[in-house]
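One-letter residues, chain by chain:
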Amino acid sequence: MEFENLITDLAHRLTDGTFVRATFSQPRTKADGLMRIKAKPIELKGELHIQFEEQFERVLNHHNISAAGVELFLTNVLMRFKQVQAEFTGETIQIQLTKKFKVSWKSSVTESSRTADLSHNRKKNYLLEEGTPYPFLIRLGVQTADGRVKKQKHDKFRQINRFIEYIDDALSHLPKDRTVRILDFGSGKSYLTFALYHYLHIEKGLDIHVTGLDLKKEVIEECSEIARDLNYDRLEFLVGDINDYEDETSVDMVVTLHACDTATDMALARAVRWGASVILSVPCCQHELFSQIQSPVLDVMLQHGLVKERFSALATDSIRAELLTLAGYETQLLEFIDMAHTPKNILIRAYHSGKQPSPESIARYKAFRDLLNAKPFLENELKLDI
Ligand SMILES: C[S@@+](CC[C@H](N)C(=O)[O-])C[C@H]1O[C@@H](n2cnc3c(N)ncnc32)[C@H](O)[C@@H]1O
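No experiment lies behind these values; they were computed from the predicted model shown.

A complete count under the given rule lists 17 salt bridges for this structure. A salt bridge links Arg 21 to Glu 87, with the shortest nitrogen-to-oxygen separation between them at 3.1 Å. Taken as a pair, Arg 21 in strand β1 (residues 19-27) and Glu 87 in strand β5 (residues 81-88) lie far apart in primary sequence, 66 residues in all. Arg 21 sits in the buried class, given a relative accessible area of 12%. Arg 162 serves as the salt-bridge partner of Glu 165, at 2.8 Å between the closest nitrogen and oxygen. One end of the pair, Glu 165, and the other, Arg 162, are both in helix α4 (residues 154-169), three residues apart, so they sit about a helical turn from each other. Linked by salt bridges that have partners in common, Arg 21, Glu 87 and Glu 129 make up one network.

We now examine the site of the ligand. The full set close to the ligand counts 15 residues, and Gly 186, Asp 214, Asp 241, Ile 242 and Leu 257 are the nearest of them. In this structure, Leu 215 approaches the ligand through a main-chain N or O atom, which is 3.5 Å from a nitrogen atom. Between the ligand and the protein, one listed contact pairs an oxygen atom with a side-chain N or O atom of Lys 216 at 3.3 Å. Tallied by class, the residues present in the shell around the ligand amount to six nonpolar, five polar and four charged.

Attention shifts here to the environment of Met 253. Within the fold, Met 253 resides in strand β11 (residues 253-259). Residue Met 253 is classed as buried on the basis of its relative accessible area of 0%. Considered as a pair, Met 253 and Gln 51 are 202 residues apart in the sequence and their alpha carbons are 32 Å apart. Apart from the residues within four sequence positions on either side, Met 253 is in contact with Ile 167, Leu 174, Arg 181, Ile 182, Leu 183, Leu 200, Ala 276 and Val 278.

According to UniProt, the "domain: Methyltransferase" (unreviewed entry) feature falls on residues 155-290. Taken end to end, residues 155-290 has its terminal C-alpha atoms 28 Å apart, with 41% of it in helix and 23% in strand.

Let us look at the sheet that holds strand β12 (residues 278-283). In space, the seven strands of this open sheet follow the order β10-β9-β8-β11-β12-β14-β13, with mixed pairing throughout. Sheet topology places β10 (235-239) and β13 (329-335) at the edges, where each strand pairs with a single neighbour. Between one strand axis and the next, the sheet turns through 15 degrees on average, direction left out of account. Relative to β11, strand β8 (residues 180-185) runs parallel, the two sharing three bridges. Among the inter-strand pairings, Leu 183 is bridged to a residue of β11, identified as Val 254. The strands that helix α6 (residues 217-229) touches are β9 (208-214) and β10; relative to β10, the one it contacts most, it runs at about 165 degrees. Lying over the sheet, helix α7 (residues 263-274) contacts β8, β11, β12, β13 and β14 (346-352), oriented at roughly 175 degrees with respect to β11.

With domains assigned, the protein is organised as domain 1 (3-123) and domain 2 (152-382). Its C-alpha centre places domain 1 at a distance of 39 Å from the equivalent point of domain 2. Interface area for domain 1 against domain 2, summed over the two sides, is near 730 Å², with a carbon-plus-sulfur share of 39%. Scanning the region where domain 1 abuts domain 2 turns up zero salt bridges.

At Phe 101, a position not held by glycine, the phi torsion is positive, near 65 degrees. When you line up the elements, Phe 101 lands in the loop between β6 (91-97) and β7 (103-109). In this structure, Ser 190 takes a positive phi of about 70 degrees despite not being glycine. Among the secondary structure elements, Ser 190 is positioned in the loop between β8 and α5 (191-203).

It is worth spelling out a nonpolar patch on the surface at this point. Together, Val 297, Phe 368 and Leu 371 give the surface a local cluster of nonpolar side chains, amounting to about 260 Å² of exposed area. With respect to the helices and strands, the residue Phe 368 is situated in helix α11 (residues 359-372). Classification of Phe 368 as partly exposed rests on a relative accessible area of 31%.

Let us look at α11. The terminal C-alpha atoms of α11, which comprises 14 residues, lie 20 Å apart, in line with the 20 Å expected from a rise of 1.5 Å per residue. Among all positions of α11, only Ser 361, Ile 362, Tyr 365, Arg 369 and Leu 372 are buried. Down the axis of α11, the sector holding all buried residues measures 105 degrees, keeping them to one side. Along α11, exposed side chains directed more than 90 degrees from the buried face belong to Pro 359, Glu 360 and Arg 364. Buried-residue contacts for α11 involve α8 (288-292), α10 (305-326) and α12 (377-382). Just downstream of α11, Asn 373 is the residue with a positive phi angle, here 60 degrees.

Criteria and thresholds
- Residues numbered from 1 in each chain as written.
- Predicted model: local features only at pLDDT ≥ 70, side-chain atom pairs only at ≥ 80, totals over all residues.
- Heavy atoms only, no water.
- Salt bridge = Lys/Arg side-chain N within 4 Å of Asp/Glu carboxyl O.
- Helix = DSSP H or I, 4+ residues; strand = E, 2+ residues; numbered from the N terminus.
- Buried < 20%, exposed > 50% of the residue type's maximum accessible area, 1.4 Å probe, protein only.
- Near = heavy atom within 4 Å.
- Polar contact = N/O pair within 3.5 Å; in protein donor to acceptor, adjacent residues only side chain to side chain.
- Nonpolar A, V, L, I, M, F, W, Y, C, P; charged D, E, K, R; others polar.
- Contact = heavy atoms within 4.5 Å.
- UniProt positions renumbered as here; feature names shortened; annotations may be inferred.
- Pairing = 2+ DSSP bridges.
- Axes fitted to C-alpha atoms, helices over the stretch in contact; angles between N-to-C directions.
- Domains from an automatic or database assignment.
- Buried area = accessible area lost by both parts, 1.4 Å probe.
- Patch = residues over 30% accessible without salt bridge, like charges linked within 9 Å, V, L, I, M, F, W, Y side chains within 5 Å.
- Areas by Shrake-Rupley, 256 points an atom, 1.4 Å probe, with all protein chains shown as cover.
- Expected span 1.5 Å × (residues − 1).
- Arc of directions from axis to C-beta.

Structure follows, in structure tokens:
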């Protein structure tokens, strides 16, 4: 196919009602920083438009082009990129252009009878969509190069998406007039760290600086390399212990996803000390209370090891939530992901309110703590005046 025919053909297909979405990638020049363009159909004032989203390193530009203007706009887009992946109802096409604009076109029939959702601000099921290749998810082994989520990574993909939804909900609590400082404690392989960077910086264009911290040197080196390769220059990875991390004077959002045992408490304590506006934390294995808990009135439950273990975990999170409330946070325990996918399914969400605790709430907390004979690590770390 000739380049000119490609333009006409593709422009026609983008506007004939079967178009779902497309990504234009592999820029011919990196000089202006334009990395890729995504396109999708939208409806504006009752008329079909194609929205082209230009993705620069720090900025997203949107152009809503009427059907009549698509061919001209597309000409410029196709001059700038060497690869196109486009999805239509029942068909996916992949186009590769050479240096000299020779066209290679591959088409595959897909079973999906998916049609485009034209509402401009539609609520997506997932903030990161299956079928859209995200460079960081490909590098982290969650997606294949064509954007398919690998079978064994579906749970991870779901978890990342769920966490990003909670981050999206928290946006109004973050400052808008300066760089937002975000820390991911116990970042590990850093699926979440990359995802929140992608979502907040690449997709939403927010001014952020993100740090992932973990004990594991090799993992951190690998993550740093991926961040370098993807030009994620506001994302850094550091080797270190949460307990020793004192580098910051002010942090806006602290997140943890399955940071082991009391590592979660250390992270919460750091967040409170900085007065972070938002804390989102999904705890992991919780052994602390299991060995402390003692309460004759609860023996009917605690005599069973299995029940004791589950009760200890729930009591630990309840105590954490209560302590955060006493420390001036509006705190909720929310379902992170349904039980079928992971038993670690509670998310602690805390927004800073600065509210002083009432004597009654302090007494309520102490009564519960003493009933269990608990000596919570977090209470000790927070050094609250209670
Ligand atoms: C289960 S992994 C979760 C990793 C990642 N957040 C995720 O969800 O994929 C827990 C991580 O916490 C890290 N970790 C545990 N204690 C830590 C501490 N005191 N300081 C820093 N990292 C810690 C571990 O090295 C591990 O990588």
